[in-house]
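Report on the structure
Given next are the chains, with one letter for each unit.
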Amino acid sequence: MRTVLIVDAANVMGSRPDGWWRDRLGAARRLRDSLTGLGPVSVGAGEPVEAEVVLVVEGAAKSLPGVEGVTVVSAPGSGDDAIVAEVRGDDAVRYVVVTADRELRARVQARGAEVVGPRTLLDQLD
């Protein structure tokens, strides 16, 4: 089964008070670049798995291009709506969304996705 890790860029960046708000595009670029080296990821019970990484950006970060290993989706409107759209309900795919947004969590779980908080991902990047 394929695993797709969908990262809520705004939420993950916002979980670290490192001045990201002064340069949202730069912060999104740093997050994207840190995701390129992500090996097998622990996203719940079981062994770490290789995952396709999708980074959803919005607002000032919308011009961020994808790079090898990280697909970047620029939300045309709401980042949350774009994340929900990425969870396609394919039974052959395990979707894991990284966010702490409660409303978004409920929306993607209703579509069959698993959810982990930003710390789960950030601990593996640090």
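Preceding block: the structure.
Residues numbered from 1 in each chain as written. Predicted model: local features only at pLDDT ≥ 70, side-chain atom pairs only at ≥ 80, totals over all residues. Heavy atoms only, no water.

1. Observations concerning the overall build of the protein
- Assigned secondary structure in the protein consists of five helices and five strands.
- Element order for the protein, N to C, with α for helix and β for strand: β-α-α-β-β-α-β-α-β-α.
- The C-alpha radius of gyration computed for the protein amounts to 13 Å, which stays within 12% of the reference 14 Å derived for 126 residues, consistent with globular compactness.
- Dimensions of the protein along its principal axes, counting C-alpha atoms only, are 40 × 30 × 25 Å. (Helix = DSSP H or I, 4+ residues; strand = E, 2+ residues; numbered from the N terminus. Rg over C-alpha atoms; globule rule 2.2 N^0.38 Å.)

2. Overview of the environment of Asp91
- As for its position among the elements, Asp91 is in the loop between helix 3 (79–86) and strand 4 (93–98).
- Overall, the relative accessible area of 73% leaves Asp91 in the exposed class.
- Taking the C-alpha atoms as reference points, Asp91 and Arg2, separated by 89 residues in sequence, lie 9.8 Å from one another. (Buried < 20%, exposed > 50% of the residue type's maximum accessible area, 1.4 Å probe, protein only.)

3. Regarding the sheet that holds strand 2 (residues 52–57)
- On the basis of which strands lie adjacent, the open sheet formed by five strands has the order 3-2-1-4-5 and parallel pairing. At either margin of the open sheet sits one strand with a lone partner, and together these are strand 3 (70–74) and strand 5 (114–116). The sheet shows a mean angle of 25° between the axes of neighbouring strands, taken without regard to direction.
- Lying over the sheet, helix 2 (residues 24–36) contacts strand 1 (2–8), strand 2 and strand 3, oriented at roughly 175° with respect to strand 2. (Pairing = 2+ DSSP bridges. Axes fitted to C-alpha atoms, helices over the stretch in contact; angles between N-to-C directions. Contact = heavy atoms within 4.5 Å.)

4. Some details on the nonpolar core
- Judged by nonpolar contacts, the single largest core of 25 residues is most densely connected at Leu5, Val7, Leu31, Leu35, Leu55 and Val57.
- For this core, the secondary-structure elements that each account for two or more residues are strand 1, helix 1 (9–14), helix 2, strand 2, strand 3, strand 4 and helix 5 (118–125).
- Of all the elements, helix 2 adds the most residues to this core, at four residues.
- Ignoring sequence-local partners within four residues, the contact set of Val7 consists of Val12, Leu31, Leu35, Val53, Val54, Leu55, Val56, Val98 and Leu121. (Core = buried A, V, L, I, M, F, W, Y, C linked by side-chain atoms within 4.5 Å.)

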